[in-house]
Amino acid sequence: MVLFAALVAALPVSAQTDPNLTQYFQAPSFLNPAEAGATDLLRLRGGSRMQWLGIEGAPRDFMAAADIPFAVFGRRWGGGATMFQESIGLYKTLSINGQLSARQKLGKGYLTVGVQFGYLEQKFKGSEVEIPTDDDFHDANDEAIPTYDVEGNHFDLGVGVGYVHRLFTLGLSCTHLMQPSIKMQREGSQGSGSSDEQYFEFIFRRNLYFIASSNIPLKNTLFEVLPSVMVRSDLRGVQADITARLRWKKFLTAGLGYRTNDAVSILLEGEYKGIRLGYSYDYATSAIMRASSGSHELWVGYSLKLNFGEKNRNRHKSIRVM
């Protein structure tokens, strides 16, 4: 655990409050609520990420997202839900969110605006803390480190805007907009009202995301080029993911990715009748490579095309009036 903490400190981002997703394009609404219902598809996605294999206490993430478009009072809306669960060291995080978006025709595409409301929970297994006692650098009685299990929760908020075009999409979003500060107390003491109860604070830093992707058909072939980029910042540092994929017959996809100061990746994906399976492997280029064999990420999903055409577009006539 001490080795893990030392290696994380060497990375550009010292605390991970959102997952590092290599396949960020798999569930667009997971990082931007404006993407909820932005297409004519019902989309269901689930993903799992095993980061930095070989290191005890490294992040283990599970993500899920669902979104659907709908019409109310003649206006197009989108609804969605996301869930994120992470275990990293002695910390466990749970995030559950509901999303609402609106869409407006703009030029040859659509402008989308979305908001996300959520529940954020943080736990720390202080009962499993092991503090070395055979040196002068650690204090077993350090009051800043809980020796019992603590937990806390907070309201969370996110916002986003996007632009959807037939050939490309653009999105700008912010997670943990209010930068929630969770006060973790001994498990079972939440709401006890005791003024003597010690608490420990964990801050979820605000994260900004810019995501752009495109779809470029190669003339006279069955191939398409799918370039994309994600730029992420917590206002203390910036990290970028650059991805290039090649898709054949809208069925098989392969590509390469690069995350600045962190990793290079290979990506594979298959899609058949709305069912999607995606896999990626990251090889670390940072100091973490000294102790890790890499990171694995797997996504599964299903999409269903919905009809938002004219009211009577698919009306069937009775044979009696034909």
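The rules we used
Residues numbered from 1 in each chain as written. Predicted model: local features only at pLDDT ≥ 70, side-chain atom pairs only at ≥ 80, totals over all residues. Heavy atoms only, no water. Salt bridge = Lys/Arg side-chain N within 4 Å of Asp/Glu carboxyl O. Helix = DSSP H or I, 4+ residues; strand = E, 2+ residues; numbered from the N terminus. Buried < 20%, exposed > 50% of the residue type's maximum accessible area, 1.4 Å probe, protein only. pLDDT = per-residue confidence, 0-100. Contact = heavy atoms within 4.5 Å.

Regarding the pattern of salt bridges
Then comes step 1: Counted under the stated rule, the structure contains 16 salt bridges.
Then comes step 2: Residues K305 and D40 are paired through a salt bridge, measuring 3.8 Å at the closest nitrogen-oxygen approach. Remark: D40 occurs in the loop between helix 2 (28-31) and strand 1 (41-50) and K305 occurs in strand 17 (residues 295-305); sequence separation between them is 265 residues.
Then comes step 3: Residue D40 is classed as partly exposed on the basis of its relative accessible area, which comes to 25%.
Then comes step 4: The salt bridge partner of R276 is E271, with a shortest N-O separation of 3.2 Å.
Then comes step 5: The class for R276 is buried, based on a relative accessible area of 16%.
Then comes step 6: In this structure, a network of salt bridges that share partners links the residues R49, D241, R259, D262, D282 and E297.

A few points about the environment of I288
Then comes step 1: By secondary structure assignment, the location of I288 is in the loop between strand 16 (275-284) and strand 17.
Then comes step 2: For the pair I288 and W52, spaced 236 residues apart in sequence, the C-alpha to C-alpha distance is 7.6 Å.

Let's talk about the confidence of the model for the protein
Note: predicted coordinates in regions of low pLDDT should not be interpreted at a detailed level.
Then comes step 1: Summary statistics for the protein give a mean pLDDT of 87 and a share of 84% for residues scoring 70 or more.
Then comes step 2: Of all secondary-structure elements in the protein, the lowest mean pLDDT belongs to helix 1 (residues 2-9), at 38, while strand 14 (residues 252-259) reaches the highest, 98.
Then comes step 3: Every residue in residues 1-15 scores below 50 in pLDDT, and together they form 24 contacts with partners more than four places removed in sequence or on other chains.
Then comes step 4: For residues 316-322, every residue scores under 50 in pLDDT, and the model assigns this stretch one contact once sequence neighbours within four places are set aside.

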